[in-house]
Amino acid sequence: MKYQPTAWAESQGPCLRNFNEQADLDSVNGALALRPQLENIIDQLWAEGFDRVFFMGIGGTYASAQQVEVYMRGRSALDIHAESAAEYLTTGNRRLTERSLVIYSSVSGNTVEMVDMVEKVKAQGARVLAFIDTPGSLLTQPDKWDYLVVYPQNEQLKFYMIANYLMYKNGEFPDYARYNREMESSLAQGLVEIEKAADSWAYEFAKSKAAFLREHPDLPHYFIGAGNQWGAAYSYAMCYWEEQLWIRTKSITCPEFFHGMQEIITADTPVTLFIGEDEQRPLAERVARFLPKVCGNYTVIDTKELPMPGISPQFRGSISHLMMHAVNNRVDAYLELFLRHPLSIRRYYRQFDY
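Described in the following lines is the structure provided in the data block. (Residues numbered from 1 in each chain as written. Predicted model: local features only at pLDDT ≥ 70, side-chain atom pairs only at ≥ 80, totals over all residues. Heavy atoms only, no water.)

## So, the packing of aromatic side chains
Okay, so step 1: Per the stated rule, a full pass over the model turns up 25 aromatic pairs.
Okay, so step 2: With a centroid separation of 5.8 Å and 25° between ring planes, the pair formed by Y165 and Y168 is classed as stacked. One end of the pair is Y165 and the other is Y168, both in helix α7 (residues 155-169) and three residues apart, which spans about a single turn.
Okay, so step 3: Taking relative accessible area as the criterion, Y165 reaches 9% and is therefore assigned buried.
Okay, so step 4: The exposure class assigned to Y168 is partly exposed, which follows from its relative accessible area of 42%.
Okay, so step 5: Ring plane angle 75° and centroid distance 5.8 Å describe the contact between F258 and F290, whose orientation is recorded as edge-to-face. Placement of the pair is F258 in the loop between α10 (254-257) and β8 (271-275) and F290 in helix α11 (residues 281-294), with a sequence separation of 32 residues. (Phe/Tyr/Trp six-rings, centres within 6.5 Å; stacked < 30°, edge-to-face > 60°. Helix = DSSP H or I, 4+ residues; strand = E, 2+ residues; numbered from the N terminus. Buried < 20%, exposed > 50% of the residue type's maximum accessible area, 1.4 Å probe, protein only.)

In structure tokens form, the structure reads like this:
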């Protein structure tokens, strides 16, 4: 019998590939359990005083910085900025002073732009709150931080926990206690249930995308999002499909979509629209109304259709990017299968000096 790899992959069917429910529960609940430690850090910084807060990152961590900045922008009078570490190193920012607070996250703990950024802001006298995934890495060394939290994954969740307490301290989050009760009792289980509910759909989506890619290897896939879903679309396109799967992509915000990209969308253009539940949802809904008029190859993923029992409707927008990530986890697991491309391999990234 002739061996047919595609047929073998299809024979696997939806099987919650690369899914460990208990590990996922422990991971999210462990991050939520950091809250007293994070509150203590912010209490100290609040007592010392600061002029403004910079969430800094590069690549995916910059996407997370943008998510937390847009989350706070319409809710808080605090002076909050999202900053690219690489741009800060070259351009600087005169609004960042010795009284500023810099918050950043690093998975490896040794990303060159982040190491150089920390040295520059420390030399300026700014205080640094570091979230590092990897114990014993370069950025965990005592001269690289003023406040350090070592805990893996959950970057966006950790940033939002800081944001929520900052707003609470500033008198802008009266439902803070109820919000945290709901998150700590329901978020972790809700996210794993989304992965289980999305598994069969993700299998079929990945299967269709893999087939399309084989026939159109040079055609980029377009991702569109608004609000905290812009950070999700930007990082998913760049860090997952481009970096991990080597698929050509382009990402754009929902409002900017109508000022250029819409003109190159045709019947066959592959497009995925992320719709969340925060204040910028109407911007995504406008794109959703437009796409069917010109495109027959679009997908809309709307977190409003996903279950999240135990979380009040007014709080869902603050976690809709996490809900989207749960769906995308399932897609990645099956794209890896259909494309025969392990997510861990890289052509160039960290393979040599550049």
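Further notes follow.
## Describing the pairing of β8
Okay, so step 1: Counting buried positions along β8 gives five out of five residues, so the element sits mostly inside the fold.
Okay, so step 2: When strand β6 (residues 221-225) meets β8, the two strands line up parallel, connected through three bridges. Looking across to β8, one finds that F223 is bridged to T272.
Okay, so step 3: Strand direction decides the pairing type here: β8 and strand β9 (residues 298-302), joined by five bridges, are parallel. Bridge assignment links F274 to a residue of β9, and that residue is I301.
Okay, so step 4: Crossover connection from β8 via α11 to parallel β9: handedness right-handed. (Pairing = 2+ DSSP bridges. Right-handed = clockwise from strand over helix to strand, strands pointing away.)

## Details of the pattern of salt bridges
Okay, so step 1: Using the criterion set out here, one finds 23 salt bridges in the structure.
Okay, so step 2: The salt bridge partner of D51 is R52, with a shortest N-O separation of 3.2 Å.
Okay, so step 3: A relative accessible area of 18% places R52 in the buried class.
Okay, so step 4: A salt bridge links K122 to D146; the shortest N-O distance between them is 3.2 Å. Residue K122 is found in helix α6 (residues 112-124), and its partner D146 is found in the loop between β4 (127-132) and β5 (147-150); the two are separated by 24 residues along the sequence.
Okay, so step 5: Using a relative accessible area of 31% as the deciding quantity, one classes D146 as partly exposed. (Salt bridge = Lys/Arg side-chain N within 4 Å of Asp/Glu carboxyl O.)

## Examining the sheet that holds β9
Okay, so step 1: Strand order in the open sheet formed by four strands is β7-β6-β8-β9, and the pairing between neighbours is parallel. Across the chains shown, the open sheet's two edge strands, defined by having one partner strand only, are β7 (249-253) and β9. Going across the sheet, the axis of each strand differs from the next one's by a mean of 20°, ignoring polarity.
Okay, so step 2: Sheet topology note: the β6/β7 ladder contains five bridges and is parallel. (Axes fitted to C-alpha atoms, helices over the stretch in contact; angles between N-to-C directions.)

## Re the side chain of Q244
Okay, so step 1: Secondary-structure assignment places Q244 in the loop between α9 (228-242) and β7.
Okay, so step 2: Setting aside residues up to four positions removed in sequence, Q244 forms contacts with C239, H341, P342, L343, I345 and R346. (Contact = heavy atoms within 4.5 Å.)

## A short note on the pairing of strand β1 (residues 53-57)
Okay, so step 1: Among the five residues that make up β1, five are buried, leaving the element largely enclosed by the rest of the structure.
Okay, so step 2: Burial of β1 is two-sided: the residues V53, F55 and G57 facing one way and the residues F54 and M56 facing the other way are all buried.
Okay, so step 3: As defined by bridge partners, β1 adjoins strand β2 (residues 80-84) across five bridges and the pair is classed as parallel. Within the sheet, the bridge partner assigned to G57 lies in β2 and is S84.
Okay, so step 4: Taken together, β1, helix α4 (residues 60-73) and β2 constitute a β-α-β crossover, and its handedness is right-handed.
Okay, so step 5: Looking at chain direction, β1 and strand β3 (residues 101-106) are connected through four bridges and run parallel. Counterpart to V53 in the pairing with β3 is L101.

## Overview of the layout of surface pockets
Okay, so step 1: Computed from the structure, the second largest pocket encloses a volume of approximately 200 Å³.
Okay, so step 2: Around the second largest pocket, the lining residues are L213, R214, P217, L245, W246, I247, R248, L339 and H341.
Okay, so step 3: Residue composition of the lining of the second largest pocket, by class: six nonpolar, one polar and two charged. (1 Å grid on protein atoms, 1.4 Å probe; cavity = no way out; pocket = protein on both sides within 12 Å on 5 of 7 lines; lining within 4 Å. Points joined across faces, edges and corners; volume = space filled by probe spheres on them. Nonpolar A, V, L, I, M, F, W, Y, C, P; charged D, E, K, R; others polar.)

## Focus on empty space enclosed by the protein
Take a probe with the size of a water molecule and roll it over the atoms, and the empty space left behind shows itself.
Okay, so step 1: On inspection of all chains with the given rule, the structure shows three cavities of 30 Å³ or more.
Okay, so step 2: What the largest cavity holds in volume is close to 80 Å³.
Okay, so step 3: Forming the boundary of the largest cavity are 13 residues, of which L157, Y160, M161, N164 and Y179 lie nearest the centre.
Okay, so step 4: Residue assignment for the lining of the largest cavity shows that the elements contributing at least two residues are α7, α8 (176-215) and α13 (320-339).
Okay, so step 5: Per-class residue counts for the lining of the largest cavity are nine nonpolar, four polar and no charged.

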